[in-house]
Amino acid sequence: MKIGIDSGSGFCFGVTTAIKKAEEELAAGTTLYCLGDIVHNSMECERLRQMGLITINHEEMEHLHDAKVLLRAHGEPPETYELARRNNIEIIDATCPVVLQLQKRIRKNYELRIPQSQIVIFGKKGHAEVLGLVGQTGGNAIVIESFDEVQKLDFTRDIYLYSQTTKSLDEFQRIIDYIRQHIAPGVTFRSFDTICRSVANRMPSIMQFAARHDLILFVCGRKSSNGKVLFNECRRVNPNTHLIEGPAEIDPDWLKDIDTVGICGATSTPKWLMEQCLDAIKLKDKK
């Protein structure tokens, strides 16, 4: 049996930077808190927990004082920074530069907008990044999760459309086309392509990778928004694709009569975890 790991899979720049900052602080003996899971991968979170990283939620941060808190790559709304100032919390800001730039664009648009205009974000409701983006508008942005929700917009009012950085480029384009077709005469519609290319560019390569193997194991935390997009594309190309969080979930029956196995993952999947899956398959193959 031939087993290969997709060279393009693994942490994106933003996640790599956040984890590196956490490791540096922990290595220096700092008591470090992280607001939310540093990455949507339970096994990587557990590795860092064992190093000393303490994950907290927003409610717990309200009761924290004189401490050091890391903000993950997803970004945070302005209220989080205000809370940190009030509670004398030192922020280690690991917000991805792509997300940070998007936040600034949305905030500037909101400040300069015509009052009746709509700022629309194509993204997953409740997702950490989306909460940070909506926060730039004082909670007034409209979030649509999919193409099916575009009809709820008011096409008689100006629309400014943005996207969560990890959403599907194809679906975003469908939303743009629909709005263009239905926007009322004389009404302003502007769209801003804010999808991260380090994610979008993985789509064609991971589809090619999936097509080359008999079996695909997509290693990913089930909370990962980006992971769901990439996994669905893999499964569309190769129906014999399974989502697993780690080597313990590999079913030996999947490996029967299989010549080639491809292992790939999301931008939140560590390389070491994919390598563990490869080693686990080799052991099962020997048996």
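Only a predicted model underlies this, so the values are computations on that prediction, with no experimental measurement involved. (Residues numbered from 1 in each chain as written. Predicted model: local features only at pLDDT ≥ 70, side-chain atom pairs only at ≥ 80, totals over all residues. Heavy atoms only, no water.)

A. Here's a closer look at the layout of surface pockets. Looking at the largest pocket, its volume works out to about 310 Å³. What lines the largest pocket is a set of 24 residues, and nearest its centre among them are Cys 12, Val 15, His 74, Thr 166 and Thr 267. Counting only elements with at least two residues in the lining of the largest pocket, the list comes to α1 (13-27), α5 (97-112), α8 (197-200) and α10 (225-237). Of all the elements, α1 adds the most residues to the lining of the largest pocket, at three residues. Partitioned by chemical class, the residues of the lining of the largest pocket number eleven nonpolar, twelve polar and one charged. (1 Å grid on protein atoms, 1.4 Å probe; cavity = no way out; pocket = protein on both sides within 12 Å on 5 of 7 lines; lining within 4 Å. Points joined across faces, edges and corners; volume = space filled by probe spheres on them. Helix = DSSP H or I, 4+ residues; strand = E, 2+ residues; numbered from the N terminus. Nonpolar A, V, L, I, M, F, W, Y, C, P; charged D, E, K, R; others polar.)

B. How the structure looks around the nonpolar core. Membership of the largest hydrophobic core comes to 19 residues, with the highest contact counts inside it found for Val 150, Leu 153, Ile 159, Leu 161, Ile 175 and Ile 179. Of all the secondary structure elements, the ones that give two or more residues to this core are β6 (118-122), β8 (159-163) and α7 (169-182). Considering each element in turn, this core owes the most residues, five residues, to α7. Setting aside chain neighbours within four positions, we find Val 150 in contact with Ile 144, Phe 155, Ile 175, Tyr 178 and Ile 179. Of all hydrophobic cores here, the second largest spans 16 residues; its members include Cys 12, Ala 18, Leu 26 and Ala 94. (Core = buried A, V, L, I, M, F, W, Y, C linked by side-chain atoms within 4.5 Å. Buried < 20%, exposed > 50% of the residue type's maximum accessible area, 1.4 Å probe, protein only. Contact = heavy atoms within 4.5 Å.)

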